[in-house]
Amino acid sequence: MLSIIHTIRVAIGEGIWKSLAFIIVLLLAGPELIIGMELMALIEVVGASTFVIAYLTGLKLLMIKIKKRYLTFEKYSVLFLPTWQYFKAMPSLCLHAIPHRTVIISLFATVYLGMLFILI
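All of the points below concern the structure found in this document. (Residues numbered from 1 in each chain as written. Predicted model: local features only at pLDDT ≥ 70, side-chain atom pairs only at ≥ 80, totals over all residues. Heavy atoms only, no water.)

### Details of the overall build of the chain
Counting its regular elements, the chain contains 4 helices and 0 strands. Helices and strands in the chain line up, N terminus first, as α-α-α-α. Computed over C-alpha atoms, the radius of gyration of the chain comes to 35 Å, more than 25% over the 14 Å expected from 2.2 N^0.38 for 120 residues, which places it beyond the range of a compact globule. Sorting the 120 residues of the chain into buried and exposed places 4% on the buried side. Considering only contacts within the chain whose residues lie at least 6 apart along the sequence, 37% involve residues at least 24 apart. Accessible surface computed for the chain: about 10900 Å², of which carbon and sulfur atoms make up 78%. (Helix = DSSP H or I, 4+ residues; strand = E, 2+ residues; numbered from the N terminus. Rg over C-alpha atoms; globule rule 2.2 N^0.38 Å. Buried < 20%, exposed > 50% of the residue type's maximum accessible area, 1.4 Å probe, protein only. Contact = heavy atoms within 4.5 Å. Areas by Shrake-Rupley, 256 points an atom, 1.4 Å probe, with all protein chains shown as cover.)

See the structure below:
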C-alpha cells in the first residue's frame, strides 16, 4: 500500500514540475511561442495548396503545348464545328468537323492492334 502511495506522489510531483516548467516557458516566450505555432499551421495549409497549384499549372502548360502541336499536325483539316442552323441547311458540313489525319491514324492503329491481339 505504501508503494502505491509513493508511486502516486512521484507521478503527481513530476506532473507538477512539468506543468510549472510549461508555465514558465509560456510566460518567458509569451506571444512568440503562440505566433510560432500559428505560423507552423499556416505553412502546413499554404504549403499544400502551393504544391497542388504548382503541379496543376505545370499540367496546364503541358496540355497547352500538346494542343498547339496537335493543331499544327491537323492544320490541313478545317476543324470547325458548325452551328445547328448551318448543319440543318448543309449536313455535309459535319465532314469538316472531323480531324482527318487523326481519324486515319486511329483507324490504322485499331486495325494494327486487332491483328496484334489475334496473333497473341
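Further notes follow.
### Examining the packing of aromatic side chains
Per the counting criterion, the structure on display carries 2 aromatic pairs. Each ring, one from Trp84 and one from Phe87, has its centre 5.6 Å from the other, and the planes form 35°; the classification is tilted. Remark: Phe87 and Trp84 occur in helix α3 (residues 84–89); sequence separation between them is 3 residues, near one turn of the helix. For Trp84, a relative accessible area of 59% corresponds to the exposed category. Geometry around Phe73 places Arg101 over its ring, the cationic atom sitting 5.2 Å from the centre. (Phe/Tyr/Trp six-rings, centres within 6.5 Å; stacked < 30°, edge-to-face > 60°. Lys NZ or Arg CZ within 6 Å of the ring centre and 35° of its normal.)

### So, a nonpolar patch on the surface
Taken together, the side chains of Ile104, Leu107, Phe108, Val111, Tyr112, Leu113, Met115, Leu116, Phe117 and Ile120 define a hydrophobic patch exposed on the protein surface, amounting to about 1100 Å² of accessible area. Structurally, Phe108 is set in helix α4 (residues 100–119). Under the relative-accessibility criterion, Phe108 is labelled exposed at 57%. (Patch = residues over 30% accessible without salt bridge, like charges linked within 9 Å, V, L, I, M, F, W, Y side chains within 5 Å. Salt bridge = Lys/Arg side-chain N within 4 Å of Asp/Glu carboxyl O.)

### Some thoughts on the environment of Leu28
Position of Leu28 among the secondary structure elements: in helix α1 (residues 2–29). Exposure remark for Leu28: the relative accessible area of 72% places this residue in the exposed category. As for Leu28 and Ile66, which are separated by 38 residues in sequence, their C-alpha atoms are 58 Å apart.

These results come straight from atomic positions and should not be treated as a statement about function.
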